[in-house]
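# Fold and contact review
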Amino acid sequence: MSDAAAPRRMHEISDETHAVVDVVLDYARRRALYEDIPLDKPLSPRELSRLASGSITADGIGARRATALWENVLAPACVTTDHPTYLSFIPSAPSKAASAFDLVVSASAIYGGSWIEGSGAVFAENEVLHWLASEFGLPAGAGGVFVQGGTIGNLSALVTARDAARRSRREAGRALPDRWVVVCSAEAHSSIASAAAVMDIEVATAAPDEHGRLHGDAVEAVLDAHGDAVFAVVATGGTTNFGIVDDIASIADVTKARDVWLHIDGAYGLAAMLVDRMRPAFAGVERADSVIVDPHKWLFAPFDACALIYRDPGLARVAHTQHAEYLDTLTDKADWNPSDLAIQLTRRARGLPLWFSLATYGTDEYRAAIGYGIDLARRIADEIAVRPGLSLVRDPELSVVVFRREGWTLADYQAWSDRLLEEQIGFVVPSSHAGEPVLRFAILSPLTTFEILTDILDTLA
Ligand SMILES: *Cc1c(COP(=O)(O)O)cnc(C)c1O
């Protein structure tokens, strides 16, 4: 094919390219700077087929029409997860700087997997990881990588832990168990069971106390029962449903005495450790072998990013580095290659939006914004406790408040929740605890106010 015939329309800089980039960036600017961003709601497959099908054609419909379709039909069919009235699951609340810089990451075609390709990006991501590691009390040699989410972070950490256990036992001439066991609380996140299924290992659950908190003695009992088969214990730094922080210090006493890997799942809650007055609740994190925290949750970064940090990143490198002839030029060097530390190869430099936001606003703003959510949760919990017909299921520890409306069944909660979204008042889906349907506010955004929450409580009267 001659150069003249090369199909360059999608890549060359032309008037059309200028128009395409302009129409997209104009929309992105409008979206990022909306004052009164709508909450929005899902449409059914049938409605979307009627309104939005037919966009993939042989000749293309053009950037203007495609952007209009997105802005007018598809985007409003996505719930705005950073809306101040989005209080379900774990919301997102990316800072404006972080969201804006995500556009730069996209515009720049950066490969975040290796030092020789992405050294500047990898350096900036490492600045953030080292800052987090020092906040968590981990030693100077600690390091890691931003992966897609907490699920992949937990899986990658446990794969490293099992690999390290295998190696050290082989070196010591000890037998390997028929089936490895990971120990966690009955309250641990579903991703631990999912990781265990992928790894084809057993989960042994240890019983938390009546407040949902796991302690070292319960872990010790499970370790006694499973002996040598246990390679790791997972402690949770803030459960998703309630924000409960396990008694990490007493669990660390047990894992250190038995030479078992300690992993902290802090996907949601570990961010609270950045708030000074919350630090005592997380005592023991500094003794972990690996930790995760999701910046796309409480560190105000856009989807999707989990910071996975190892005490000894060398163990992760041994467990995860992929070897192939075409990669030898990377893996034969002593460079810091983020790809080697988790289950992944090609990776987006997904830690950059957080780096830029931290660099822009400074860490104090983060501490204050996280502290605000904790204070607001406490304040609305006190309000719920005094409102007739409402009661708290448990006192909030972090920024999740779980409560009930007396006399309501799951169907009542669901109908109320549907109406709340339909009327665009808020997004609060029912949850359940010990078989009982309950309501739950998960508060992350500094734009969520006490008035927003009391307005929602008013609709429960
Ligand atoms: C959200 C969460 C996860 C899973 O993280 P994803 O980013 O959704 O994969 C794991 N553990 C805890 C405690 C969580 O809150």
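Thresholds, definitions, all that
- Residues numbered from 1 in each chain as written.
- Predicted model: local features only at pLDDT ≥ 70, side-chain atom pairs only at ≥ 80, totals over all residues.
- Heavy atoms only, no water.
- Helix = DSSP H or I, 4+ residues; strand = E, 2+ residues; numbered from the N terminus.
- Rg over C-alpha atoms; globule rule 2.2 N^0.38 Å.
- Contact = heavy atoms within 4.5 Å.
- Areas by Shrake-Rupley, 256 points an atom, 1.4 Å probe, with all protein chains shown as cover.
- Near = heavy atom within 4 Å.
- Polar contact = N/O pair within 3.5 Å; in protein donor to acceptor, adjacent residues only side chain to side chain.
- Nonpolar A, V, L, I, M, F, W, Y, C, P; charged D, E, K, R; others polar.
- Domains from an automatic or database assignment.
- Buried area = accessible area lost by both parts, 1.4 Å probe.
- Salt bridge = Lys/Arg side-chain N within 4 Å of Asp/Glu carboxyl O.
- Phe/Tyr/Trp six-rings, centres within 6.5 Å; stacked < 30°, edge-to-face > 60°.
- Buried < 20%, exposed > 50% of the residue type's maximum accessible area, 1.4 Å probe, protein only.
- Lys NZ or Arg CZ within 6 Å of the ring centre and 35° of its normal.

Per the secondary structure count, the protein includes 16 helices and 11 strands. The globule rule puts the C-alpha radius of gyration for 461 residues at 23 Å, and the 24 Å found for the protein is close to it. Its C-alpha atoms give the protein principal-axis dimensions of roughly 70 × 70 × 40 Å. Restricting the contact set of the protein to residue pairs at least 6 apart, pairs at least 24 apart contribute 71%. Surface accessibility of the protein: about 21300 Å² in total, with carbon and sulfur atoms responsible for 54%.

All right, on to the site of the ligand then. Every one of the 14 residues lining the ligand counts as a neighbour, but Thr 151, Thr 240, Asp 265, Asp 294 and Lys 297 are closest to it. In the model, an oxygen atom of the ligand is placed 2.7 Å from a nitrogen or oxygen of the Asp 294 side chain. Measuring from an oxygen atom of the ligand, one finds a side-chain N or O atom of His 296 at 3.0 Å. Here the element with the most residues in the shell around the ligand is helix α6 (residues 150–171); it accounts for three residues. Grouping the constituent residues of the shell around the ligand by class yields two nonpolar, nine polar and three charged.

You can read the domains of the protein as domain 1 (1–78), domain 2 (111–355) and domain 3 (363–458). The centre of domain 1, based on its C-alpha atoms, is set 36 Å off from the matching centre of domain 3. Every contact between the two is made by four residues of domain 1 and, on the other side, five residues of domain 3. For the pair domain 1 and domain 3, the two sides together bury roughly 390 Å², of which 59% comes from carbon and sulfur. Area buried by domain 1 at its contact with domain 3 is led by Leu 39, Asp 40 and Lys 41, which between them contribute 92% of it. Here domain 1 and domain 3 share one salt bridge between them. For the salt bridge of Glu 422 with Lys 41, the shortest nitrogen-to-oxygen distance reads 2.9 Å. Partitioning the side of domain 1 that touches domain 3 into residue classes produces two nonpolar, no polar and two charged.

Before going further, it helps to spend a moment on the packing of aromatic side chains. For the structure on display, the rule yields 10 aromatic pairs. Taking 5.5 Å as the distance between ring centres and 75° as the angle between the ring planes, the aromatic pair formed by Trp 408 and Tyr 413 counts as edge-to-face. For Trp 408, a relative accessible area of 21% corresponds to the partly exposed category. Put simply, the rings of Tyr 86, Phe 89 and Phe 427 touch in pairs and so form one group of aromatic residues. Over the aromatic face of Phe 450 sits the side chain of Arg 379, whose NZ or CZ is 3.8 Å from the ring centroid. The side chain of Arg 394 reaches across the aromatic face of Phe 242, ending 4.2 Å from its centre.

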